[in-house]
Amino acid sequence: MSELKDLFSGWIATRQLLRIEVVRKKAERQSFAGRLLQYSEENELLLIYHDDEKQIYNFKLNEIDSIQPAGKGTD
């Protein structure tokens, strides 16, 4: 998990725009552009700012299907 923590820390520090794909209850999928604000390794939680909605969301790590820098073959 240390490698993941280092990756997330880099994205937080640089305010990297990310493409995030989330799977919620009943296989509901959501894909959006956002920025990772905080990562709790202990609780496996990510605090993400949704750029379009101007809202902050809390996701469990197991809800994240894909997370990568925006523009890297995602658009």
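Residues numbered from 1 in each chain as written. Predicted model: local features only at pLDDT ≥ 70, side-chain atom pairs only at ≥ 80, totals over all residues. Heavy atoms only, no water.

Trainee: What exactly am I supposed to notice about the packing of aromatic side chains here?
Mentor: Two descriptors summarise a pair of aromatic rings, namely the distance from one centre to the other and the angle between the planes of the rings. Scanning the entire structure with this criterion turns up four aromatic pairs. Taken together, F8, W11 and Y39 form an aromatic cluster joined through their ring pairs. (Phe/Tyr/Trp six-rings, centres within 6.5 Å; stacked < 30°, edge-to-face > 60°.)

Trainee: Sorry if this is basic, but what is going on with the sheet that holds strand 5 (residues 64-69) here?
Mentor: With respect to topology, five strands assemble into an open sheet ordered 4-3-2-1-5, the strand pairing being antiparallel. Across the chains shown, the open sheet's two edge strands, defined by having one partner strand only, are strand 4 (55-60) and strand 5. Shown here is a sheet whose adjacent strand axes are inclined to one another by a mean of 40 degrees, direction ignored. Pairing of strand 1 (residues 17-23) with strand 5 involves five bridges; the strand directions are antiparallel. Paired with L18 across the two strands is P69, which belongs to strand 5. Helix-sheet contacts for helix 1 (residues 2-14) involve strand 1, strand 2 (29-40), strand 3 (45-50) and strand 5, and the interaxial angle to strand 2 is about 95 degrees. (Pairing = 2+ DSSP bridges. Helix = DSSP H or I, 4+ residues; strand = E, 2+ residues; numbered from the N terminus. Axes fitted to C-alpha atoms, helices over the stretch in contact; angles between N-to-C directions. Contact = heavy atoms within 4.5 Å.)

Trainee: How do you make sense of the side chain of H50 when you look at a structure like this?
Mentor: Along the chain, H50 falls in strand 3. Assessed through its relative accessible area of 4%, H50 is described here as buried. In this view, H50 contacts Q30, F32, A33, G34, Q55 and Y57; residues no more than four positions away in its chain are not counted. (Buried < 20%, exposed > 50% of the residue type's maximum accessible area, 1.4 Å probe, protein only.)

Trainee: I would appreciate a short explanation of the pattern of salt bridges in the present structure.
Mentor: Per the counting criterion, the structure on display carries four salt bridges. Note that E41 is salt-bridged to K5, the shortest N-O span being 3.8 Å. Remark: K5 occurs in helix 1 and E41 occurs in the loop between strand 2 and strand 3; sequence separation between them is 36 residues. The partner of E21 in a salt bridge is R29, and the shortest N-O contact between them spans 2.5 Å. Owing to a relative accessible area of 25%, E21 belongs among the partly exposed residues under this scheme. Taken together, the shared-partner salt bridges connect E21, R29 and D65 into one network. (Salt bridge = Lys/Arg side-chain N within 4 Å of Asp/Glu carboxyl O.)

Trainee: Please clarify how unusual backbone geometry should be interpreted in this entry.
Mentor: Backbone geometry places R15, a non-glycine residue, at a positive phi of 55 degrees. Within the secondary structure, R15 is located in the loop between helix 1 and strand 1. Taking relative accessible area as the criterion, R15 reaches 60% and is therefore assigned exposed.

Trainee: Please explain the nonpolar core as it appears in this structure.
Mentor: What tends to happen in soluble globular proteins is that the nonpolar side chains get buried as a cluster. Grouped together as the largest cluster of nonpolar side chains are 13 residues, with contacts concentrated most on F8, I20, L46, I48 and I64. Those elements giving two or more residues to this core turn out to be helix 1, strand 1, strand 2 and strand 3. With near-sequence residues (within four places) excluded, L46 lies in contact with F8, L36, Q38, Y39, Y57, N58, F59, K60, L61 and I64. (Core = buried A, V, L, I, M, F, W, Y, C linked by side-chain atoms within 4.5 Å.)

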